[in-house]
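Chain and residue survey
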Amino acid sequence: MERHNTVWRIALLAPPLSVFAVFVFWPLFSSFFYSVTNWNGFGSDYDFVGLDNFAKIFTDKLFMNAAINTTIWMAAAIVVPTLFGLGLALLLDGKVPGGRAFKTVFYLPICLSAVIVGQIWIWIYQPDWGLLNAVLSNINGEKMRYAWLAKPDTALGSVILAWSWQQTGLSMVIYLAGLTAIPEDLLEVCEIEGAKLWQRIVFVVLPLLTPSTVVVIALSVINSLKGFDILYIMTGGGPFNSSDTLAMHMYNESFRKYLMGYGSAISVVLFLIALTIIGIYFRQLKKVDRIYG
Amino acid sequence: MFSITRRSLMLAALLASATGVAGPVFADAGEVTISHYFTGELGLKAFNEQVGKFEQATGIKMKESPVGHEDFKTDILVRAAGHSLPDVFSYWAGARVDFIVKSDSLRPIDDMWASAKLDSVVAKPIADSATIYDGKRFLVPFNYHYAGVFYNKKVLADAGMTAPPASWDEFITLCKTLKEKGIAPIALGSKNRWPAQFWFDYLLLRTAGPDYRAKLMAGEASYDDPQVVAAMGLWKEMLDQGFFVENANADDWTDAADKVARGDAAMTLMGTWITGYWNGVGLVPGQDYDFFPFPKIRDGIPNAAVGPVDGLVISANAANHEGAEKFLAFMMSNTDVQAKWAEAQGALSANVNVDPKTYNSVMQDAAKTVAAAEAFAFNYDLATTPPVAEVGLSMFTRFIDDPSKLDEILKAVAVDAKAAFKQ
């Protein structure tokens, strides 16, 4: 019987595993393979270059630029939606007039594709007739014609803002779910004992929301690693590489410069970074589980 | 036990067929597979009509997969990587074709070229520059575009222009007049970088000449040479005088075209495909808009025209290469096909037998201008290798953003381009 089960398990696991093998493992190992070649993407003509591609990473100015941008992007993509999501959840928790409508409005952007969100924000940032410059002109009294996405000092920040706008709804919903799990009586007791609102939030609500925070941050990390599409739509990594992330840089090297070997080396490095982050996350998750699980 | 094995076998068979989906999908015998970038505004409907004529004439079925222009660049690479290139695909003549020829991914077409007598069909300057790579022919150039200064006729008439500026001084004076009238002289939409390249192309061609430019494109000259510094210096003077629209890096080429159409800006340096775009939004060629060639800057320098050539190539492993060759020969030689297709694309046919009367007045003038030119040069990103083109295209937008950094930018680009040529 035991043996029978094992065979069945293998048989049932085989279809998903084979799909993984073809669409995940095979490309993954291909990347490892091509990362030690000077393949250009066309034909089967290439030489083995050993670790040259990896050595090149250290002298590639654009790689360093992309690495810094990726760090900024990830940090912002974790912090901003998390804080705003938490703030909104605290505001909208409980009986707020029109609360349901607000929740829907804030959650809506997450249902849109990155292409649409990107396009909406391109309009907002448009220098001649965009919404942002119109609003700033009204406040400032002077005609603002700043090209937010076309200036190297604001391009990355502008995309991060658009990204945060989309992602905040997701964090908000997770925090709202977390808030419903906090017992009303506990907060009432605190209130009777004389704890002020901010004390209740900082000392009671926030610690009890830790499991939600872990989920929010994990999703933010995963989503920010995937955040290639909105950058591609809004700036394409430009102007002149000022908003390049590592994923964008990998794309440029592979598909615009036809340096598949070097692009593969970058993707291997990206893979290792993602693996490290996931490793750290799992370790933290275990700790949280021990305390709250 | 036996039954389990049989089940496993069935599963294995199922899996084998499932994974088979990932492999290349083979065409039926007799079919020719084709992939191209003529979607939407680039004339998919017109293209399909021409393909239909080939199918009717020969009985050979074409199996096509159109991909958007920008996505095509990635798509064809992915297909090449997976060894599943279509029999025939469209491509941009120049460094890009050279690049895949060097990877042995294309099939030479010398025999077909000779038997279809294409020498007497294809315009010679185009045939010389676009079809031969490493001593063999690989590409059939079905049409080409020409980059010129396209302008709003009413705006320039109001500014007192009676004849196109014949010299650089006249051109600069025209820009000054427009500027004084409160109209941006030149619209540019360099968000996607490539629209800026025509300025570099023409300024360099008109000051240093086609021979020097060819050297620079091949890596035999440096980006901090006095010739490049001088050409970029002219561009800088224009930017410093405010002749270009503000925030060019925020706009697409169609945004720039719209500005000219609306009269917010007077001119834009763009390829003939802009006529297709403008005609599509209801502008009348020769009445609402017209063009003049990029003005002469220095005496004694051959007058060159700039533009891309679109062509069809056959992949090295084409399953049906006979059908593919017939397709290329038919599409090139049939004047009706050539005329209809060029019209839909706002392009000029590379077939010398196409009656110029089939073009509108603006395109007729463009054809004459190219015919009178002493040289035809591919635009920047088709003239130099892809890794170097990346460096250069970024340079243009960076320079437009802050022209005061020109010296610094050129020094950095000279180093980066040298490194990119080695790749």
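Going by the structure above, here's the rest.
First, a word on what this report is: a plain description of the structure on this page.

What counts, and where the lines are drawn
- Residues numbered from 1 in each chain as written.
- Chains lettered and ligands numbered in written order.
- Predicted model: local features only at pLDDT ≥ 70, side-chain atom pairs only at ≥ 80, totals over all residues.
- Heavy atoms only, no water.
- Pairing = 2+ DSSP bridges.
- Helix = DSSP H or I, 4+ residues; strand = E, 2+ residues; numbered from the N terminus.
- Axes fitted to C-alpha atoms, helices over the stretch in contact; angles between N-to-C directions.
- Contact = heavy atoms within 4.5 Å.
- Expected span 1.5 Å × (residues − 1).
- Buried < 20%, exposed > 50% of the residue type's maximum accessible area, 1.4 Å probe, protein only.
- Buried area = accessible area lost by both parts, 1.4 Å probe.
- Salt bridge = Lys/Arg side-chain N within 4 Å of Asp/Glu carboxyl O.
- Polar contact = N/O pair within 3.5 Å; in protein donor to acceptor, adjacent residues only side chain to side chain.
- Nonpolar A, V, L, I, M, F, W, Y, C, P; charged D, E, K, R; others polar.

So, the sheet that holds strand 10 (residues 289–292) of chain B
Residues and elements named next belong to chain B. Read across the sheet, four strands follow the order 8-9-7-10 without closing on themselves; strand pairing throughout is mixed. What marks the edges here is a single partner per strand, and that holds for strand 8 (184–186) and strand 10. Strand after strand, the sheet turns through a mean of 25° between neighbouring axes, direction not considered. The pairing of strand 7 (residues 147–152) with strand 10 spans four bridges and is antiparallel. Bridge pairing links Phe150 to Phe291 in strand 10. Along the sheet face, helix 12 (residues 253–262) touches strand 7 and strand 9 (265–271) and points at about 140° away from the line of strand 9. Docked against the sheet, helix 13 (residues 273–280) engages strand 7, strand 9 and strand 10, running at close to 125° with respect to strand 9.

Focus: helix 14 (residues 321–333) of chain B
For helix 14 of chain B, built from 13 residues, the straight-helix expectation of 18 Å at 1.5 Å per residue is met to within 8% by its first-to-last C-alpha distance of 18 Å. Among all positions in helix 14 of chain B, only Gly323, Ala324, Glu325, Phe327, Leu328, Ala329, Phe330, Met331 and Met332 of chain B are buried.

Examining the side chain of Thr154 of chain A
Residue and element names in this part refer to chain A. Locating Thr154 in the fold gives a position in the loop between helix 6 (131–140) and helix 7 (155–180). Classification of Thr154 by relative accessible area gives buried; the value is 16%. Ignoring any residue separated from it by four or fewer positions in sequence, one finds Thr154 in contact with Tyr146, Ala147 and Trp148.

Quick notes on the interface of chain A and chain B
It is common to report an interface's size as the accessible area lost on association of the parts. Contacts between chain A and chain B engage 39 residues on the former and 38 residues on the latter. It is Phe42, Phe240 and Tyr258 of chain A that lose the most area in chain A upon contact with chain B, and together they represent 24% of the buried surface on that side. Summed over the shared surface of chain A and chain B, the result is four salt bridges. Residues Lys61 of chain A and Asp416 of chain B are paired through a salt bridge, measuring 3.3 Å at the closest nitrogen-oxygen approach. Put simply, chain A and chain B have eight residue pairs in polar contact (both at pLDDT 80 or more) between them. Counting only elements with at least two residues in the side of chain A that touches chain B, the list comes to helix 1 (2–34) and helix 12 (246–256) of chain A. Looking at which element gives the most residues to the side of chain A that touches chain B, the answer is helix 1 of chain A, with 10 residues. When its residues are assigned to classes, the side of chain A that touches chain B shows 21 nonpolar, nine polar and nine charged.

Considerations on the sheet that holds strand 13 (residues 348–349) of chain B
All names here are of chain B. With mixed pairing, the six strands of this open sheet are ordered in space as 2-1-3-12-6-13. The open sheet has two edge strands, strand 2 (62–66) and strand 13, and neither has a second partner. Running at roughly 165° to strand 2, helix 2 (residues 44–58) makes contact with strand 1 (32–36) and strand 2 of the sheet. Packing of helix 3 (residues 69–81) onto the sheet brings it into contact with strand 1, strand 2 and strand 3 (88–92), and relative to strand 3 it is tilted by some 125°.

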